[in-house]
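Here is how the chains run, residue by residue.
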Amino acid sequence: MRAWLLLCTAVCCSAGALAQPQTCAVVLMHGKWGTAQSPYLKPVVDKLEPFCQVKMLEMPWSRQRLYDKPYADALVQVQEAVNAFRQSGAQWVAVGGQSFGANATLAYMAHVGDADALLPMAPGHVPEVFYAMPDVRRSVDKARQLVDSGQGSDLVEMTDINQGQRRPVQPTANALWSYFNPQGWGNMRLSAAAFRKPVPVFWAIGTADSLYPEGSAAIYKNMPVHPESRYEVVRANHATTPEVASDALVAWVKARVGR
């Protein structure tokens, strides 16, 4: 009888633990030309989902969309996901992403600012660097001129660059200017300095990433200081950073949400 009671207690406790509602949530964004099923972020998703709700978004810079909406619309898309989590009972909502998704993580905190934490991994897309390239500059300047003259819906051809690869794109002038303005929302140093409030940040950068060490560290130092922030350097490249940093990231998230 005593053994049966102990077994029942153990089973009931385990069932109660499994039934606990997931009060934390994470919104994740893929990199340039990626998809909502990003293989680079999958290791992070797999390790978060047992204790935290996760939403992967397909953003305007995906391989299918190719800048079909301006940056402001992209942040609205993220905010809608954050709001949906909060309405479902999530008490702690983080926003994160890899490469361009990390760029948008910083822009989100600068222009919306309602996340409880940020998870930028292998930050990418540096419009001020792209603007120094003559062919990109011509397209960006044309987009700016069209926007200034009220013709922002006109299409502009440009050769996009992603980790050395090139692809022709033809977004509207409004969209192209919003992402490639060298002093605009895609400028990560400016976004980092404009956070609406200090929040804890888990920042992951790989030693084989082109942004390591100077560019990455300079952006990170521009953010408001928070005692719980962590700058994680891993032996990885731009693509593999999320996977290599995933254990440290999950441990950090668990410490924030009390798991």
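Counting of residues starts from 1 at the beginning of each chain's written sequence and follows it residue by residue. With pLDDT at 70 or above as the cut-off, local features in this predicted model cover only qualifying residues; side-chain atom pairs require 80 or more to be listed or tallied, and sums for whole chains, interfaces and linings still use all residues. Just so you know, side-chain values use all the structure's heavy atoms and leave hydrogens and water out.

Trainee: I'd like to hear about the pattern of salt bridges, residue by residue, with values.
Mentor: The term salt bridge refers to a pairing of a side-chain nitrogen on Lys or Arg with a carboxyl oxygen on Asp or Glu at a separation within 4 Å. For the structure on display, the rule yields nine salt bridges. Across the pair Arg65 and Asp68 runs a salt bridge, and its minimum N-O distance is 2.9 Å. Burial classes follow relative accessibility: with a 1.4 Å probe on protein chains only, a residue under 20% of its type's maximum area counts as buried, one over 50% as exposed, and anything between as partly exposed. Residue Asp68 is classed as partly exposed on the basis of its relative accessible area of 39%. Its salt-bridge partner being Asp116, residue Arg86 comes within 3.1 Å of it at the nearest N-O pair. Separated by 30 residues along the polypeptide, Arg86 in helix H3 (residues 71-87) and Asp116 in the loop between helix H4 (100-111) and strand S4 (117-123) bring together distant segments of the chain. By relative accessible area, Asp116 is classed as partly exposed at 22%. Secondary structure counts use DSSP, requiring at least four H or I residues in a row for a helix and at least two E residues in a row for a strand, with both numbered from the N terminus.

Trainee: Which residues make up the state of the cysteines, and what are the values?
Mentor: When the sulfur atoms of two cysteines come within 2.5 Å, that pair is taken as a disulfide. In the structure shown here, the tally under the stated rule is one disulfide. Across the disulfide from Cys24 sits Cys52; the S-S distance is 2.2 Å. One end of the pair, Cys24, is in strand S1 (residues 24-29); the other, Cys52, is in the loop between helix H2 (42-48) and strand S2 (53-57), and 28 residues separate them in sequence. In terms of burial, Cys24 and Cys52 fall into one category: buried.

Trainee: Let's hear about helix H6 (residues 134-148): which residues, and what values?
Mentor: Because an α-helix packs 3.6 residues into every turn, residues spaced three or four apart end up facing the same way. With 15 residues, H6 should reach 21 Å at 1.5 Å per residue; the first-to-last C-alpha distance of 21 Å fits that figure. Residues Val136, Ser139, Val140, Asp141, Ala143 and Leu146 constitute the buried set of H6. Any pair of residues with heavy atoms lying within 4.5 Å of one another is described as a contacting pair. Looking at the buried side of H6, the elements it contacts are helix H5 (127-130), strand S5 (158-162) and helix H7 (173-180). Downstream of H6 by a residue or two, Gly150 has a phi angle that is positive, lying close to 80°. In this scheme, a helix's expected span is set at 1.5 Å multiplied by one less than its residue total.

Trainee: So what's going on with the packing of H3 against H4? Residues and values would help.
Mentor: Think of each axis as a best-fit line through the C-alpha atoms, taken over the contacting stretch in the case of a helix, with angles from 0 to 180 degrees between the N-to-C directions. In the contact formed by H3 and H4, the axes pass within 10 Å of each other and the chain directions differ by 80°. When the axis of H3 is compared with that of H4, the two are roughly perpendicular. On H4, the residues touching Tyr71, Leu75, Val78, Gln79 and Val82 of H3 are Phe100, Asn103, Ala104, Ala107, Tyr108 and His111. Under this scheme an angle from 65 to 115 degrees is roughly perpendicular, one under 35 degrees roughly parallel, and one over 145 degrees roughly antiparallel; angles in between are oblique.

Trainee: Kindly report on the pairing of S2, identifying the contributing residues and their values.
Mentor: By the convention used here, strands pair only if DSSP detects at least 2 bridges between them. Pairing of S1 with S2 involves five bridges; the strand directions are parallel. Paired with Leu28 across the bridge in S2 is Met56. In this fold, the crossover linking S1 to S2 by way of H2 has right-handed handedness. By convention a crossover is right-handed if, when the strands point away from the viewer, the path from the first strand over the helix to the second runs clockwise.

Trainee: So what's going on with the nonpolar core? Which residues, and what values?
Mentor: Nonpolar cores were defined as sets of buried Ala, Val, Leu, Ile, Met, Phe, Trp, Tyr and Cys residues, with membership established by side-chain atoms within 4.5 Å. Ranked by internal contacts, the top residues of the largest apolar core, which has 52 residues, are Trp61, Tyr71, Val78, Val95 and Leu118. Sort the elements by how many residues they give to this core and H3 lands first, with seven residues. Non-local contacts of Tyr71, meaning those with residues more than four positions away in its chain, are made with Trp61, Phe100, Asn103, Ala104, Ala107, Ser178, Tyr179, Trp185 and Gly186. Within the second largest apolar cluster, 26 residues are counted, among which are Val26, Met121, Phe202 and Ala245.

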